[in-house]
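Per-entry structural report
Take a look at the letters that make up each chain.
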Amino acid sequence: MRRAALPVDDEYAPLYSVGQVAAMLHLRQAFLRRLDEYQVVCPRRTEGGQRRYSRSEISRVQYVVELVGEGMTLTAIRRVLDLEQRVRDLERRRDDDARRIRDLESRLRGRRAPVPPM
């Protein structure tokens with residue numbers, strides 16, 4: 001019997017508060033709020049307006065901390081993250097196009113009349 005998926009199993013479920021994330025990553029809460037202010041990491045909000053982070057966003061915060069450690073500004077980091085997302089989108093589009101081309105080529109080969117032997 002298969003068990004039901006729990007919110008904790010979903011890497012995008014907004015489960016963690018600012019305080020929890022700050023404690024996990026040994027960061028100041030103000031730094032996490034700043035990441036949100038600069039739209040580097042955009043946690044979801046509860047109805048009461050409190051930030052909630054997913055495991056995916058926590059991983060992104062860790063990556064941002066590495067980039068800050070290399071001397072990058074938050075504005076530069078946001079640009080890097082945007083460009084990385086654009087590359088992923090373009091790669092996905094390229095892969096989808098390649099699949100469509102292979103599918104069309106396969107269909108065309110199936111429709112061709114056989115070449116008579118000489």
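So, how was this worked out
- Residues numbered from 1 in each chain as written.
- Predicted model: local features only at pLDDT ≥ 70, side-chain atom pairs only at ≥ 80, totals over all residues.
- Heavy atoms only, no water.
- UniProt positions renumbered as here; feature names shortened; annotations may be inferred.
- Helix = DSSP H or I, 4+ residues; strand = E, 2+ residues; numbered from the N terminus.
- Salt bridge = Lys/Arg side-chain N within 4 Å of Asp/Glu carboxyl O.
- Buried < 20%, exposed > 50% of the residue type's maximum accessible area, 1.4 Å probe, protein only.
- Expected span 1.5 Å × (residues − 1).
- Contact = heavy atoms within 4.5 Å.

Here we take up the UniProt feature "domain: HTH merR-type" (unreviewed entry) in the protein chain. Feature annotation in UniProt assigns "domain: HTH merR-type" (unreviewed entry) to the following positions: residues 15-83. Helix makes up 61% of residues 15-83 and strand 10%, and the two end C-alpha atoms of the span are 27 Å apart.

Within this structure's numbering, the places UniProt gives as "coiled-coil region" (unreviewed entry) are residues 80-107. Helix and strand shares over residues 80-107 are 100% and 0% respectively, and the end C-alpha atoms of the span are 41 Å apart.

Here the focus is the pattern of salt bridges. Between side chains of opposite charge, pairing is possible as soon as their charged atoms come close. Scanning the entire structure with this criterion turns up 7 salt bridges. Residue Arg45 is joined to Asp36 by a salt bridge in which the shortest nitrogen-to-oxygen separation is 2.9 Å. Here Asp36 falls in the buried class, since its relative accessible area comes to 13%. Among the salt bridges present, the one from Arg100 reaches Asp97, with a minimum N-O distance of 2.6 Å.

In this section: helix 3 (residues 55-69). When the terminal C-alpha atoms of helix 3 are compared, their 21 Å separation across 15 residues agrees well with the 21 Å that a helix rising 1.5 Å per residue should span. For helix 3, the full list of buried residues reads Glu57, Ile58, Val61, Val64 and Leu67. Contact partners of the buried residues in helix 3: strand 1 (16-17), helix 1 (18-25), helix 2 (29-37), strand 2 (44-45), strand 3 (51-53) and helix 4 (74-111). Looking one or two residues beyond helix 3, the residue adopting positive phi is Gly71, at roughly 95°.

Moving on, we get to helix 4. An ideal rise of 1.5 Å per residue puts 56 Å on 38 residues; helix 4 measures up with 55 Å between its terminal C-alpha atoms. Among the residues of helix 4, those classed as buried are Leu74, Ile77 and Leu81. Check the buried side of helix 4 and you find it contacts helix 2 and helix 3.

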